[in-house]
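# Observations on the model geometry
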Amino acid sequence: VQTDCLIYKYNDTLLLECDASLAKRLTVFLKKFREKNCNVEETDLVLEFKQEEKQSKKFNHFEDPRITDFGTRVIHESLSQNHIDLDTKNTTDNLSTYQTYRYLNNIPEGLNEFTPGKTLPTNFNIDFLNGVSYSKGCYLGHELIQSTHFKYQTRKRLVPVKIINKLDKKLLPRNSFKIIGDAGSIQLVEVNLEKVEEIKRAGVEFLMPEWFREKLV
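Below, the structure is looked at part by part. (Residues numbered from 1 in each chain as written. Predicted model: local features only at pLDDT ≥ 70, side-chain atom pairs only at ≥ 80, totals over all residues. Heavy atoms only, no water.)

So, about the sheet that holds strand 5 (residues 72-76). Sheet architecture is open: three strands sit in the order 3-5-4, paired in antiparallel fashion. Either end of the sheet is taken by a strand with one partner, and the two such strands are strand 3 (46-50) and strand 4 (61-63). Strand-to-strand, the axes of this sheet are offset by a mean angle of 25°, without reference to chain direction. (Pairing = 2+ DSSP bridges. Helix = DSSP H or I, 4+ residues; strand = E, 2+ residues; numbered from the N terminus. Axes fitted to C-alpha atoms, helices over the stretch in contact; angles between N-to-C directions.)

Before going further, it helps to spend a moment on helix 1 (residues 23-32). Among the residues of helix 1, A23, L26 and T27 are the ones counted as buried. Angular distribution of buried residues about the axis of helix 1 spans 105°; they occupy a single face of the element. Across from the buried face of helix 1, at angles greater than 90 degrees, the exposed residues are K24, R25 and K32. Packing partners of the buried residues in helix 1 comprise strand 2 (13-17). (Buried < 20%, exposed > 50% of the residue type's maximum accessible area, 1.4 Å probe, protein only. Arc of directions from axis to C-beta. Contact = heavy atoms within 4.5 Å.)

In spatial order, the strands read 7-8-6-9; together these four strands make up an open sheet with antiparallel pairing. Strand pairing shows two members of the sheet lacking a second neighbour, strand 7 (177-182) and strand 9 (204-206), which therefore form its edges. Taking the axes of each pair of neighbouring strands and ignoring which way they run, one obtains an average angle of 45° across the sheet. Pairing of strand 6 (residues 156-163) with strand 9, which is carried by three bridges, proceeds in the antiparallel orientation. Bridge assignment links K162 to a residue of strand 9, and that residue is E205.

Moving on, we come to unusual backbone geometry. Even without a glycine there, the phi angle at N125 is positive, about 65°. Among the secondary structure elements, N125 is positioned in the loop between helix 2 (91-104) and helix 3 (142-151). Classification of N125 as buried rests on a relative accessible area of 0%. The phi dihedral of N165 is positive, around 60°, even though this residue is not glycine. Mapped onto the secondary structure, N165 falls in the loop between strand 6 and strand 7.

Inspection of the secondary structure assignment puts G141 in the loop between helix 2 and helix 3. On the basis of relative accessibility, which here comes to 35%, the residue G141 falls in the partly exposed class.

Generally speaking, a soluble globular protein has its nonpolar side chains buried in company with each other. Membership of the largest hydrophobic core comes to 22 residues, with the highest contact counts inside it found for V159, V161, F177, V191, I199, V204 and F206. When residues of this core are traced back to their parent elements, those giving at least two are helix 2, strand 6, strand 8 (187-192), helix 4 (196-200), strand 9 and helix 5 (210-216). In this view, V204 contacts V161, K162, L167, F177 and I199; residues no more than four positions away in its chain are not counted. By size, the runner-up hydrophobic cluster in this structure holds 11 residues, among which are Y103, F114, V132 and L158. (Core = buried A, V, L, I, M, F, W, Y, C linked by side-chain atoms within 4.5 Å.)

A separate point is the environment of N112. Positionally, N112 belongs in the loop between helix 2 and helix 3. We classify N112 as exposed; its relative accessible area is 73%. Spatially, the C-alpha atom of N112 lies 9.2 Å from that of D19, the residues being 93 residues apart in sequence. Discounting residues that sit within four places of it in the chain, N112 has contacts with D19 and I180.

Just distances and angles here, no functional claims.
Dropping the structure here:
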């Protein structure tokens, strides 16, 4: 995996949402492989996230496709559109709240969590988050992903956890616990699911959401 992104059909165009720090490089990359009649460019559109189900049928409202009832993403032409108040003075607080909410729902996002060229889709739950198609191909790594899905069980996956008091690293099984993201009160960690009980003894509380538990069955 190079990065994660979301795609929207907006008016007569396709919009691709990605990590802001990657926008310029991704634009250059896509231009190399675009069709002759296809134009690729950055936009100045504003994205708003609402922590509720999609209720409007407006063209600029999109249900987050990763898990059911996670929230709605709304695209605006500008900050002033529809008198929207994004509370830009507290952007840091908003992003922190969003990060914690993502972690509680076990959703990784952006270059702070995805390592380009090294992240495995199944380990980061992309196959659970509607990010992998088993009926389309071919793409780089297609055979490996297909084989893992149909023949094997993924031992390592991301899960949200809470470290109680202090992590006792001496009690952690080797190569079984790697912190991918830290939101302060909650961490997103790549763990060996076969070592969960041992990891708990090191002072770790697992906060697996219901949707994730159902996928593991």
